[in-house]
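Letter by letter, the chains look like this.
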Amino acid sequence: MSDKLRRASRALVSVSDKSGVVDFARALAGFGIELISTGGTRKILSEAGLKVLDISELTGFPEMMDGRVKTLHPAVHGGLLAQRGNSEHVEAMRVHKIRPIDIVVVNLYPFETTVAGGGDFAACIENIDIGGPAMIRAAAKNHEDVAVLVDGSDYAALIEELKRHDGSTSLALRRRLAAKAYARTAAYDAAIANWFAGAIKELAPDYRAFGGRLVEALRYGENPHQSAAFYRTPEPRFGVAAARQLQGKQLSYNNINDTDAAYECVAEFDPARTAACAIIKHANPCGVAEAESLIDAYRRAFACDRTSAFGGIVALNRTLDAGAARAITEIFTEVIIAPDASEEAIAIVAAKKNLRLLLAGGLPDPRAAGFTAKTVAGGLLVQTRDNAVVDDMDLRPVTKRAPTNAELRDLRFAFRVAKHVKSNTIVYAKDLATVGIGAGQMSRVDAARIAARKAQDAAREAGFKEPATKGSVVASDAFFPFADGLLVAIEAGATAVIQPGGSMRDDEVIAAADGHGIAMVFTGTRHFRH
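As the structure is a computational prediction, the values presented were derived from the model and not from experiment. (Residues numbered from 1 in each chain as written. Predicted model: local features only at pLDDT ≥ 70, side-chain atom pairs only at ≥ 80, totals over all residues. Heavy atoms only, no water.)

**Looking at the overall build of the chain**
- From N to C terminus, the chain includes 19 helices and 23 strands.
- Residues counted as buried form 49% of the 530 residues belonging to the chain.
- At a minimum sequence separation of 6, the contacts of the chain that also span at least 24 residues come to 58%.
- With 64 positive and 63 negative side-chain charges, the chain shows a separation of 3 Å between the mean positions of the two kinds. (Helix = DSSP H or I, 4+ residues; strand = E, 2+ residues; numbered from the N terminus. Buried < 20%, exposed > 50% of the residue type's maximum accessible area, 1.4 Å probe, protein only. Contact = heavy atoms within 4.5 Å. Lys, Arg positive; Asp, Glu negative; His and termini not counted. Charge placed at Lys NZ, Arg CZ, Asp CG, Glu CD.)

**Considerations on the pattern of salt bridges**
- Scanning all chains against the criterion turns up 33 salt bridges.
- The partner of Glu-47 in a salt bridge is Lys-43, with the nearest N and O atoms 2.6 Å apart. Of this pair, Glu-47 and Lys-43 are both found in helix H2 (residues 39-47), four residues apart, which corresponds to roughly one turn of the helix.
- Among the salt bridges present, the one from Glu-268 reaches Lys-419, with a minimum N-O distance of 2.8 Å. One end of the pair, Glu-268, is in the loop between helix H11 (253-266) and strand E11 (275-281); the other, Lys-419, is in the loop between helix H16 (405-418) and strand E19 (426-429), with 151 residues separating them in the sequence. (Salt bridge = Lys/Arg side-chain N within 4 Å of Asp/Glu carboxyl O.)

**As for the confidence of the model for the chain**
- In the predicted model, the chain carries a mean pLDDT of 93, and 99% of its residues have values of at least 70.
- No element of the chain has a lower mean pLDDT than helix H3 (residues 55-59), which averages 79, and none a higher one than strand E22 (residues 496-499), which averages 98. (pLDDT = per-residue confidence, 0-100.)

**Some details on the packing of aromatic side chains**
- Evaluated as defined, the whole model comprises nine aromatic pairs.
- Measuring from centroid to centroid gives 5.8 Å for Phe-121 and Phe-196, while their planes differ by 85 degrees, and the two rings are edge-to-face. Here the residue Phe-121 occupies a position in helix H7 (residues 121-126), and Phe-196 occupies one in helix H10 (residues 171-199), the gap between them amounting to 75 residues.
- The rings of Phe-111, Phe-121, Tyr-188, Trp-195 and Phe-196 are connected pair by pair, giving a single aromatic cluster.
- The ring of Phe-371 carries the charged tip of Arg-208 above its face, separated from the ring centre by 4.6 Å. (Phe/Tyr/Trp six-rings, centres within 6.5 Å; stacked < 30°, edge-to-face > 60°. Lys NZ or Arg CZ within 6 Å of the ring centre and 35° of its normal.)

**Thoughts on the sheet that holds strand E21 (residues 473-476)**
- Within the open sheet, the six strands sit side by side as E18-E23-E22-E21-E19-E20. Their pairing is mixed. Both outer strands of the open sheet, strand E18 (396-397) and strand E20 (434-438), are each paired with one neighbouring strand and no more.
- The sheet contact formed by E21 and E22 spans three bridges and is parallel. Note that in E22 the partner of Val-473 across the bridge is Ala-496.
- H16 rests against E19, E20, E21, E22 and strand E23 (519-522) of the sheet, and its axis sits at about 35 degrees to E21. (Pairing = 2+ DSSP bridges. Axes fitted to C-alpha atoms, helices over the stretch in contact; angles between N-to-C directions.)

**Quick notes on the pairing of E23**
- Side chains Ala-519 and Val-521 of E23 all project onto a buried face; the interleaved residues Met-520 and Phe-522 project onto the opposite face, where all are buried too.
- With four bridges connecting them, E22 and E23 associate as parallel partners. By the bridge assignment, Val-497 is partnered in E23 with Met-520.
- Viewed along the sheet, the connection from E22 through helix H19 (residues 506-515) into E23 turns out right-handed. (Right-handed = clockwise from strand over helix to strand, strands pointing away.)

**Details of the sheet that holds strand E4 (residues 52-54)**
- Read from one edge to the other, the open sheet built from five strands follows the order E4-E3-E2-E5-E6, with strand pairing classed as parallel. Each of the sheet's edge strands pairs with one partner strand only, and the pair in question is E4 and strand E6 (147-149). Averaged over all adjacent pairs, the angle separating strand axes in this sheet is 20 degrees, with direction ignored.
- Bridge count for strand E2 (residues 10-15) against strand E3 (residues 34-37) is four bridges, and the pairing is parallel. Looking at the pairing, Val-13 lines up with Ser-37 of E3.
- Contacts between H2 and the sheet are confined to E2, E3 and E4, with E4 contributing the most and set at about 150 degrees to the helix.
- Strands in contact with helix H8 (residues 131-141) are E2, strand E5 (103-107) and E6; relative to E5, the strand with the most contacts, it is inclined by about 145 degrees.

**Structural notes on the packing of helix H1 (residues 21-30) against helix H9 (residues 155-164)**
- At a minimum axis distance of 11 Å, the contact between H1 and H9 shows a crossing angle of 10 degrees. As summarised for this structure, H1 and H9 are arranged roughly parallel, according to the angle between their axes. Here H1 and H9 pass one another in a crossing that is left-handed. When H1 is examined against H9, the residues Val-21, Phe-24, Ala-27 and Leu-28 are found in contact with a partner set consisting of Tyr-155, Leu-158, Ile-159 and Leu-162.
- Looking at side-chain class alone, the contact of H1 with H9 contains eight nonpolar, no polar and no charged residues. (Parallel < 35°, antiparallel > 145°, perpendicular 65-115°, else oblique. Left-handed = near helix turned anticlockwise from the far one by under 90°. Nonpolar A, V, L, I, M, F, W, Y, C, P; charged D, E, K, R; others polar.)

**Some remarks on the nonpolar core**
- Within the largest apolar cluster, 44 residues are counted, with the highest numbers of intra-cluster contacts made by Val-288, Leu-358, Phe-413, Val-417, Val-427, Ala-475 and Ile-498.
- Excluding residues within four positions of it along the chain, Val-288 makes contact with Cys-265, Phe-269, Cys-277, Ala-278, Ala-301, Phe-413, Val-417, Ala-433 and Thr-434.
- In this structure, Ala-297, Leu-316, Ile-328 and Val-349 belong to the second largest nonpolar core, which totals 31 residues. (Core = buried A, V, L, I, M, F, W, Y, C linked by side-chain atoms within 4.5 Å.)

**Some words on H9**
- Along H9, the residues classified as buried are Tyr-155, Leu-158, Ile-159, Glu-161 and Leu-162. Down the axis of H9, the sector holding all buried residues measures 155 degrees, keeping them to one side. For H9, exposure combined with an orientation more than 90 degrees from the buried face picks out Ala-156, Lys-163 and Arg-164.
- In the core, the buried residues of H9 are packed alongside E2, H1, E5, E6, strand E7 (168-169) and H10. (Arc of directions from axis to C-beta.)

**Quick notes on the side chain of Thr-523**
- Along the polypeptide, Thr-523 turns up in the segment after E23.
- Classification of Thr-523 as buried rests on a relative accessible area of 9%.
- Leaving out residues up to four positions away in the same chain, Thr-523 has contacts with Met-393, Asp-394, Leu-395, Phe-415, Ile-498, Gln-499 and Pro-500.

**Comments concerning unusual backbone geometry**
- Looking along the chain, the bond that leaves Ser-423 and enters Asn-424 is cis, with omega of -5 degrees.
- One can find Asn-424 in the loop between H16 and E19.
- Positive phi, close to 55 degrees, is recorded for Lys-97, a residue that is not glycine.
- Its location among the elements puts Lys-97 in the loop between helix H5 (87-95) and E5.
- Positive phi, close to 55 degrees, is recorded for Asp-166, a residue that is not glycine.

Given below as structure tokens:
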């Protein structure tokens, strides 16, 4: 690619986020570049002693309608879109007294921030930028001649380019900046479209787009031959995307996916009520427990499946304390994520240099609305987040024996966990801790068998006479299509069952429970997770 250097003589600077703009504009002026600006940006540059041409002097029209109309003018867009090597364009500029604009610096009205801050409808509408995207797109289209910046992080690169080429920009830089500019306006428009659809309660708009800001390029994806990157969306939600990493090597694609699964799971447990710990391996819980303290919750979660917990992700619903930190660091752990951590806990974790410690600042609300999306060949599947919470469900006893209060407490716990296990799912729980988890099986009876087998293995490793499934309760993420899966759970020692119900053979399943004196409740809500 030829450098195709273009001398910059005029720059239009109009930014919402004014961080670093004064020093940047001063550097531009140092190359003899004339500055044009608008409103607040012009004011801050002028107050810094810079000579700035007001946009109204360029267009011959004042800013009007509360600033809604200021840059939408041929004097601006002609200066951006005119092809310098096109004689007809050059003649049109001469006839209409249009001066070329060689650099455009625009970051957009803070629409995403306004939405995240809970702005009302009118405030969100008013923070939709019109002139900014129009200028960005015009400059990006004409990148053969014009450089466009939409991000303050690119200020230094442009100044270095101007230094290197004596006040000129290269085509390579202009193309890179143009590509970024279109991506930015696409993400901006996607945020507006999704917010608008939600505001008018349009669940399936004719067009759906998602946009995000790069957090970091990753070493690879799920496997080393796949490339990957991590993006943050505008959704204001505590979790891995917004967390602060205090130490440890870079998170991998799988680390991020698993950490998200872990934190969403542990967020089901209200920290004001109980301490809770979720240990995740390959996006599935291998142990979850609640207790009075984090260290006890961790130890009880770890006891469910000591083998799988090795190299797992540990999520906590309260501030990481020293006791929990010591216990967690006794084995190899990939990631710890918590709302916060004490200084002593941070120091303990620091001894494990490769262990990542993430502080999320809070817990995501399991009841909050939102969307999830996944790609399929040639398409995108979008759905609302599974924000059903067992505490809000009407648990309906369907057997002759109703569950005891202790069983009901464990049933709620087990169903809370089952929501975060891949389907088909069976979760055995006892005394507010998982004791066997069967995840992602093609049949529910297999999930029940695997979960029971894991409990047997855990008992053998711990030297117990019998598995903890004896006297446990069991949760199923969806209905039992036949009685066979239930019978496996009963054989494993379960005394009570929670499931959605809704099978054509519900009567058969209920009869099997009654025949063994088992209590069963229906939730009416399914928790498939694929």
